[in-house]
Amino acid sequence: MILKTKFILVLAILSLFALSSHVSASDNAEKIMESAHHALLYQGDMKRALVKMTISDANGNKRKRKFYSLRLDKDSPEKEADAGRGEQYYYLYFERPADIKQTSFLVHKHPESDDDRWLYLPALDLVKRIAPGDKRTSFVGSTFFYEDISGRSLIEDNHQKESEDDNYHVVRSTPKDEGSVEFSSYRTWIHKGTSLPVKIEYFDKNNELYRVCENQKVESIEGKTTAIKGIMKDLKRGEQTVIESSRITYQTELPEDIFSERYLRNPPKQYFK
């Protein structure tokens, strides 16, 4: 009886240790992902850039886009403990090609709830509200999704550290609401020195790799390590989109009112220069 009691006690201790280790790993993975979100999406309180987008299909045909990007961090998360989770505004204005010129896109990012997204279509003189259910669909015909523009909210997924080496943390993330997305999980490589995510692999419902995002080039801009070239590959369709950013500055002043629906038809061009 005594031996049986000791055996049960040992099992209980081992179970508690395993649970504690699992919780610790999950907490650590979440902190790693918060740092990655901050490095990629939250550096500086404001950001301005000129972006060139090249979309290639399976036959090698290319389509090009050129747009201006503005970002304002409403909660200034860089000054807060939970950096990587704050409210943000994004404004994109397309200058080329002619068929989508003057198209504009607005995002109000709410990390604790669904983002608000609007797209202005000048050919129809129509402001279209992007439904939350459409966030995982193509953005202006590219292999990037609407959700990719402002980043996926951390709280939508469970994060578990999968492995690490001298240079990278590898984190596996699984959706809390499996029916709301087309993927079963994604795996992120985060550079230890900069906290920048350098590669993300997405797996479909059959756990097959079908989508890959890579940050291919980074530079130090105004003292901040910044991703300036990235690619999104759709492996099943054989398509990819490359985005290259230039004229990036964090030293800019952007008033909050330009990130409103009324500015979709009247773009604040003075802030694009």
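Residue positions are given per chain, counted from 1 along the sequence in the order it is written. Given that this is a predicted model, residues contribute local features only at a pLDDT of at least 70 and side-chain atom pairs are listed and counted only at 80 or more, while totals for whole chains, interfaces and linings are drawn from all residues. Working from all heavy atoms in the structure, the side-chain values ignore hydrogens and water.

### Re unusual backbone geometry
Excluding glycine, a negative phi dihedral is what most residues carry, and trans is how most peptide bonds are arranged. Put simply, R96 and P97 share a cis peptide bond, and its omega is 0°. Starting at the N terminus, helices and strands are each numbered in turn, a helix being any DSSP run of H or I of at least four residues and a strand any DSSP run of E of at least two. Here P97 is to be found in the loop between β3 (88-96) and β4 (104-109).

### Overview of the packing of aromatic side chains
Remark: the centre distance and the inter-plane angle together describe each pair of aromatic rings, the angle taken between the planes. Only centres within 6.5 Å qualify two rings of Phe, Tyr or Trp (six-membered ring in Trp) as a pair; their planes then separate them into stacked at under 30 degrees, edge-to-face at over 60, and tilted for everything else. Taken as a whole and judged by the stated rule, the model has 12 aromatic pairs. An angle of 15° between the planes, with centres 5.3 Å apart, marks the rings of Y93 and F272 as stacked. One end of the pair, Y93, is in strand β3; the other, F272, is in the segment after β13 (239-249), with 179 residues separating them in the sequence. Across the pair, exposure class does not vary: Y93 and F272 are buried alike. Centre to centre, the rings of F105 and F139 are 5.0 Å apart; their planes meet at 50°, and the pair counts as tilted. Residue F105 is found in strand β4, and its partner F139 is found in the loop between β6 (126-130) and α2 (146-150); the two are separated by 34 residues along the sequence. Pair check on accessibility: F105 and F139 agree, each one buried. Type-normalised accessible area, obtained with a 1.4 Å probe on protein chains alone, sets the label of each residue: buried when under 20%, exposed when over 50%, and partly exposed for intermediate values.

### As for the environment of E182
With respect to the secondary-structure elements, E182 resides in the loop between β8 (168-175) and β9 (183-191). We classify E182 as partly exposed; its relative accessible area is 26%. Residues E182 and F203, spaced 21 residues apart in sequence, show a C-alpha to C-alpha distance of 8.8 Å. Contacts were defined at the residue level, with two residues in contact if any of their heavy atoms lie within 4.5 Å. Setting aside anything within four residues of it in sequence, one finds E182 in contact with R136, F145, D204, K205 and Y210. Whenever two N or O atoms come within 3.5 Å, that pair is a polar contact, provided that in protein one can donate a hydrogen and the other can accept it, and provided that, for residues adjacent in sequence, both atoms are side-chain atoms. Within the structure, the side chain of E182 is placed 2.8 Å from the side chain of R136, a separation counted as a polar contact. A distance of 2.5 Å separates a polar atom in the side chain of E182 from a polar atom in the side chain of Y210.

### Some details on the nonpolar core
Nonpolar core, defined: a set of buried Ala, Val, Leu, Ile, Met, Phe, Trp, Tyr and Cys residues in which side-chain atoms within 4.5 Å join the residues together. Residues F105 and F139 are the most contacted members of the largest nonpolar core, which totals 23 residues. When residues of this core are traced back to their parent elements, those giving at least two are α1 (2-42), β1 (46-56), β3, β4 and α2. By residue number, the principal contributor to this core is β1, which donates 4 residues. Sequence-distant contacts of F105, defined by excluding residues within four places in its chain, comprise Y90, Y91, L92, R117, W118, L119, I130, F139, Y146, I149 and L264. Judged by nonpolar contacts, the second largest core, of 18 residues, contains M46, L70, Y93 and L264.

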